[in-house]
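# Geometric and topological summary
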Amino acid sequence: GQNIDQPTEMTATEGAIVQINCTYQTSGFNGLFWYQQHAGEAPTFLSYNVLDGLEEKGRFSSFLSRSKGYSYLLLKELQMKDSASYLCAVPPSGGYQKVTFGTGTKLQVIP
Amino acid sequence: NAGVTQTPKFHILKIGQSMTLQCTQDMNHNYMYWYRQDPGMGLKLIYYSVGAGITDKGEVPNGYNVSRSTTEDFPLRLELAAPSQTSVYFCASRTSPGLAGGDTQYFGPGTRLTVL
């Protein structure tokens, strides 16, 4: 099986930087996904990390350390529209076709 | 491309009734998924399919059934609905892992189902 742990809620100020952490336990590793989900909407894909290190995509970056079972999503220059839930997901070993999600971190951006 | 479409958007079902949630994708994706999301919670995988004619259980399959007769369609059937099945249901699809874009799951807009 697999276990994913994320903080439940976070609050950050507009224009600031926020880091959302995700720790996971899984036998075997098939990559780690980050999704964004605004309230009442479907999740949308943000990033997929397979190798260790930092991957940057505009204001969003995702970091992975496979040896530590740890990832984070870094959001820079926060905007009000970044208020959403951020879901970390790790496919289980042997089940690459299955993608199961953590409970997500609800981020509130305040003025 | 319409992407992933789901119908209906909302539905109220009585306890013991049955219904089918429809999901269609026009991206020729082999992989399709059904998730449920309870308020304030993450997504739970109900069933998934890796191609037409092939389906398998996810984390929470009890009370549901699926079929995949075509690449495009992946309907979810609720038999004998119970209040515990009140949730938002998301369908998703992705191309095969290893292919370009295979790491991205595309979600439909969801079906909000209430069982009373």
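Preceding this section is the structure that the text describes.
None of the values given here were measured: they were computed from a predicted structure. (Residues numbered from 1 in each chain as written. Chains lettered and ligands numbered in written order. Predicted model: local features only at pLDDT ≥ 70, side-chain atom pairs only at ≥ 80, totals over all residues. Heavy atoms only, no water.)

### Brief notes about the interface of chain B and chain A
Accessible area lost upon the coming together of the parts serves often as the stated size of an interface. Tallying the contact residues gives 23 residues for chain B and 18 residues for chain A. For chain B, the biggest contributors to the area lost against chain A are Leu-43, Asp-103 and Phe-107 of chain B; these three give 27% of the whole. The interface formed by chain B and chain A holds 0 salt bridges in total. The interface formed by chain B and chain A holds 3 residue pairs in polar contact (both at pLDDT 80 or more) in total. Of all elements in the fold, only strand S4 (31–37), strand S5 (43–51) and strand S9 (87–94) of chain B reach the threshold of two or more residues within the side of chain B that touches chain A. When the residues that make up the side of chain B that touches chain A are grouped by side-chain class, the tally is 12 nonpolar, 6 polar and 5 charged. (Contact = heavy atoms within 4.5 Å. Buried area = accessible area lost by both parts, 1.4 Å probe. Salt bridge = Lys/Arg side-chain N within 4 Å of Asp/Glu carboxyl O. Polar contact = N/O pair within 3.5 Å; in protein donor to acceptor, adjacent residues only side chain to side chain. Helix = DSSP H or I, 4+ residues; strand = E, 2+ residues; numbered from the N terminus. Nonpolar A, V, L, I, M, F, W, Y, C, P; charged D, E, K, R; others polar.)

### Notes on the nonpolar core
In this structure, Leu-32, Trp-34, Leu-73, Leu-75, Leu-78, Tyr-86 and Leu-107 of chain A are the most contacted members of the largest nonpolar core, which totals 20 residues. Put simply, the parts of the chain that give this core at least two residues each are strand S3 (18–26), strand S4 (32–37), strand S7 (60–65), strand S8 (70–75), strand S9 (84–89) and strand S10 (105–110) of chain A. Per-element tally for this core: the top contributor is S3 of chain A, with 4 residues. Among residues more than four places away in sequence, those in contact with Leu-107 of chain A are Met-10, Ala-12, Val-18, Leu-75, Leu-78, Asp-82, Ser-83, Ala-84 and Tyr-86 of chain A. If you look at the next biggest cluster of nonpolar residues, it comprises 19 residues, including Met-32, Tyr-47, Phe-74 and Ala-81 of chain B. (Core = buried A, V, L, I, M, F, W, Y, C linked by side-chain atoms within 4.5 Å. Buried < 20%, exposed > 50% of the residue type's maximum accessible area, 1.4 Å probe, protein only.)

### Topic: the pattern of salt bridges
Residue and element names in this part refer to chain B. Taken as a whole, this structure holds 5 salt bridges over all chains when the rule is applied. Measuring nitrogen to oxygen at the nearest pair gives 3.1 Å for the salt bridge that ties Arg-77 to Glu-79. Judged by relative accessible area, Arg-77 falls into the partly exposed class, the value being 32%.

### Side note on the sheet that holds strand S5 (residues 44–49) of chain A
Residues and elements named next belong to chain A. Strand order in this open sheet of 5 strands is S2-S10-S9-S4-S5, and the pairing throughout is mixed. Unpaired on one side and paired on the other, strand S2 (9–13) and S5 mark the two borders of the sheet. Across the sheet, the axes of successive neighbouring strands diverge by a mean angle of 25°, strand direction being ignored. Summarising the sheet, S2 and S10 pair through 5 bridges and their orientation is parallel. Bridge assignment links Glu-9 to a residue of S10, and that residue is Lys-106. (Pairing = 2+ DSSP bridges. Axes fitted to C-alpha atoms, helices over the stretch in contact; angles between N-to-C directions.)

### Side note on the packing of aromatic side chains
Under the criterion given, the structure shown has 16 aromatic pairs over all chains. Ring centres of Tyr-35 of chain A and Phe-45 of chain A lie 5.8 Å apart, and the angle between their planes is 80°; on these two criteria the pair is classed as edge-to-face. In this pair, Tyr-35 of chain A sits in strand S4 while Phe-45 of chain A sits in strand S5, placing the two residues 10 residues apart along the sequence. Under the relative-accessibility criterion, Tyr-35 of chain A is labelled buried at 0%. Residue Phe-45 of chain A is classed as partly exposed on the basis of its relative accessible area, which comes to 21%. Taken together, Phe-33, Tyr-35, Phe-45, Tyr-48 and Phe-101 of chain A together with Tyr-33, Tyr-35, Tyr-48, Phe-90 and Phe-107 of chain B form an aromatic cluster joined through their ring pairs. The ring of Phe-74 of chain B carries Arg-68 of chain B above its face, with NZ or CZ at 5.9 Å from the centroid. (Phe/Tyr/Trp six-rings, centres within 6.5 Å; stacked < 30°, edge-to-face > 60°. Lys NZ or Arg CZ within 6 Å of the ring centre and 35° of its normal.)

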